[in-house]
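Take a look at the letters that make up each chain.
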Amino acid sequence: MKYNLYFYDGSRNAVVMTDMDGKQLVIDCDKAEEQVVFDEPADAGILARLARKEPANYVSIAMRPGGLQDYVDVWNELN
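Only a predicted model underlies this, so the values are computations on that prediction, with no experimental measurement involved. (Residues numbered from 1 in each chain as written. Predicted model: local features only at pLDDT ≥ 70, side-chain atom pairs only at ≥ 80, totals over all residues. Heavy atoms only, no water.)

Let's shift gears to the nonpolar core. If you look at the biggest cluster of nonpolar residues, it comprises twelve residues: Val15, Ile27, Cys29, Val36, Leu47, Leu50, Ala51, Tyr58, Val59, Ile61, Leu68 and Val72. Apart from residues lying up to four places away in sequence, Ile27 is in contact with Asn13, Ala14, Val15, Ala32, Tyr58, Val59, Ala62 and Met63. (Core = buried A, V, L, I, M, F, W, Y, C linked by side-chain atoms within 4.5 Å. Buried < 20%, exposed > 50% of the residue type's maximum accessible area, 1.4 Å probe, protein only. Contact = heavy atoms within 4.5 Å.)

If you want it as structure tokens, here you go:
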């Protein structure tokens with residue numbers, strides 16, 4: 001059985017995925033969000049909340065082309 005552990009590391013502002021072999025994938029949130037354009041500066045909280053509350057979803061979205069920007073755009077359209 002394979003498993004992954006996802007958690008947000010606030011000291012690094014990163015989402016860390018650890019597999020059962022102990023290998024880690026680290027997504028630096030600052031780097032992942034460099035190219036994201038927010039309608040309002042406060043919208044940065046959308047991605048911060050996603051990283052803290054749902055780190056597995058953050059990794060999944062961040063790994064897609066245009067993923068974080070698309071997520072923010074859809075969030076803004078829905079609200």
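Past the structure itself, the notes keep going.
Turning to helix 2 (residues 44-53), a few remarks are in order. Burial in helix 2 covers these residues: Ile46, Leu47, Leu50 and Ala51. Relative to the axis of helix 2, the buried residues are bounded by an arc of 125° and lie together on one face. Next to the buried residues of helix 2 lie strand 1 (4-9), strand 2 (14-19), helix 1 (29-32), helix 3 (55-62) and helix 4 (67-78). (Helix = DSSP H or I, 4+ residues; strand = E, 2+ residues; numbered from the N terminus. Arc of directions from axis to C-beta.)

Before going further, it helps to spend a moment on the pairing of strand 3 (residues 24-28). As judged from the five bridges shared by strand 2 and strand 3, these two strands associate in the antiparallel manner. Paired with Val15 across the bridge in strand 3 is Ile27. The hairpin formed by strand 2 and strand 3 contains four residues between the paired strands, and Gly22 there has a positive phi angle of roughly 90°. (Pairing = 2+ DSSP bridges.)

Turning our attention to a negative patch on the surface. Together, Asp39, Glu40, Asp70, Asp73 and Glu77 make up a region of like negative charge exposed at the surface. Counting through the fold element by element, Asp39 comes out in the loop between helix 1 and helix 2. (Patch = residues over 30% accessible without salt bridge, like charges linked within 9 Å, V, L, I, M, F, W, Y side chains within 5 Å. Areas by Shrake-Rupley, 256 points an atom, 1.4 Å probe, with all protein chains shown as cover. Salt bridge = Lys/Arg side-chain N within 4 Å of Asp/Glu carboxyl O. Lys, Arg positive; Asp, Glu negative; His and termini not counted. Charge placed at Lys NZ, Arg CZ, Asp CG, Glu CD.)

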